[in-house]
Amino acid sequence: MIDTHTKCWQVDRSIVHLAFTSMASFDFSDKVAIVTGASSGIGEATALLFAKGGASLMLCGRDKERLKTVLNQCIELSGGDVERFVSFTGDLTDSVVRESIIEKTIATFGKLDILIANAGIVLPNTDVFAATENVFDRLVDMNVKSTFFLIQNALPYLQKSKGNIVCVSSVASTIPHGRSVLYSMTKAAIDSMIRCLALDLAPKEIRVNAVNPSYTPTRMLRSFQADDKIDVDKLIGGIESTKQPMNGQWIYPQDVANNIAFLACDGARFVTGICHVVDGGRQFMGPSLPPCEFESTQ
């Protein structure tokens, strides 16, 4: 792999400034991939990396304008090859949307090689004292149910291509995170699903893996930001950086995207059923509990 460099973008209200990080090169020529949650963060970084590597892409997201921006960036990276990229705006908790994404991908490109199931949400009030059934249902529907059934919709085409699936999980699946019970539960469910699917789909020669990043500054925490009094990214990022053994370094979306690309590439053809931790050693530093002032944003 040849290392180049790209800028990591700044998330809304984040202390993270534009910085340089390693952007690896992978060959995805003649591959067709779906990337969900592609309008920002890890999904955006993954889409750009795959576009740079020659893939044809179906980009999915809920934010139409942001998705359009990412689509244009992919086209630019490809040298203007507009035929390689298509987008779909919609909510993956809707079964019609999931079916339409697969149908449009096949209608446009004729096949599917890689499914990157990145879309997910995190919500306030997910601890045992404050959680409601509505919050429970929203998290499970988005983070678990929609992922499972999107995979199910994609299987006939992945079976034909002997393709692979990469889901985005989290180290929250194994590290206790105070006041985040439901989110952590959904990510533990993803980890279990990955291992079971890897076993089920191995005879079909379909690989299934996950990446499990630690705290990564993206727009995912915007639902916690009730006002401008507390910078949520600064607060949580500050807590997590004290538990980061690599000199408190940040993990950026591009770092996660590089590992997604590795798991999806042909070089990982014998890798399946793993939950690949991308955390700079964070998992060895124990649980975290947000301070009391974090509650005021919920």
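Residues numbered from 1 in each chain as written. Predicted model: local features only at pLDDT ≥ 70, side-chain atom pairs only at ≥ 80, totals over all residues. Heavy atoms only, no water.

## Things to note about the sheet that holds strand β9 (residues 275–278)
The parallel open sheet is built from seven strands, whose spatial order is β5-β4-β3-β6-β7-β8-β9. Every other strand in the sheet has two partners, leaving β5 (85–89) and β9 as the edge strands with one partner each. The average undirected angle you get between the axes of adjacent strands in this sheet is 15°. In this structure, strand β8 (residues 207–213) lies alongside β9, joined through four bridges in parallel fashion. Residue pairing across strands places Ala-210 opposite Cys-275, the latter belonging to β9. Along the sheet face, helix α7 (residues 253–264) touches β6 (114–117), β7 (164–168), β8 and β9 and points at about 165° away from the line of β8. (Pairing = 2+ DSSP bridges. Helix = DSSP H or I, 4+ residues; strand = E, 2+ residues; numbered from the N terminus. Axes fitted to C-alpha atoms, helices over the stretch in contact; angles between N-to-C directions. Contact = heavy atoms within 4.5 Å.)

## So, the environment of Asn-72
The topology assignment puts Asn-72 in helix α2 (residues 64–77). Residue class for Asn-72 comes out partly exposed when judged on its relative accessible area of 41%. For Asn-72 and Phe-85, which are 13 residues apart along the polypeptide, the C-alpha to C-alpha distance reads 9.0 Å. (Buried < 20%, exposed > 50% of the residue type's maximum accessible area, 1.4 Å probe, protein only.)

## Quick notes on the pairing of strand β3 (residues 32–35)
Side chains Val-32 and Ile-34 of β3 all project onto a buried face; the interleaved residues Ala-33 and Val-35 project onto the opposite face, where all are buried too. Here β3 pairs with strand β4 (residues 56–61) via four bridges, running parallel. Each bridged residue has a counterpart across the sheet, and for Val-35 the counterpart in β4 is Leu-59. Since β3 and β4 lie parallel, the crossover through helix α1 (residues 41–52) that links them has a hand, and here it is right-handed. Bridge count for β3 against β6 is three bridges, and the pairing is parallel. Directly across from Ile-34, in β6, lies its bridge partner Leu-115. (Right-handed = clockwise from strand over helix to strand, strands pointing away.)

## Comments concerning the confidence of the model for the protein chain
Averaged over all residues, the pLDDT of the protein chain is 84; the fraction at 70 or higher stands at 74%. The low-confidence segment residues 225–230 (pLDDT under 50) makes 10 contacts with residues lying over four places distant or belonging to another chain. Residue range residues 291–298 is modelled with pLDDT below 50. Its contacts to residues more than four positions away, or to other chains, number 19 contacts. (pLDDT = per-residue confidence, 0-100.)

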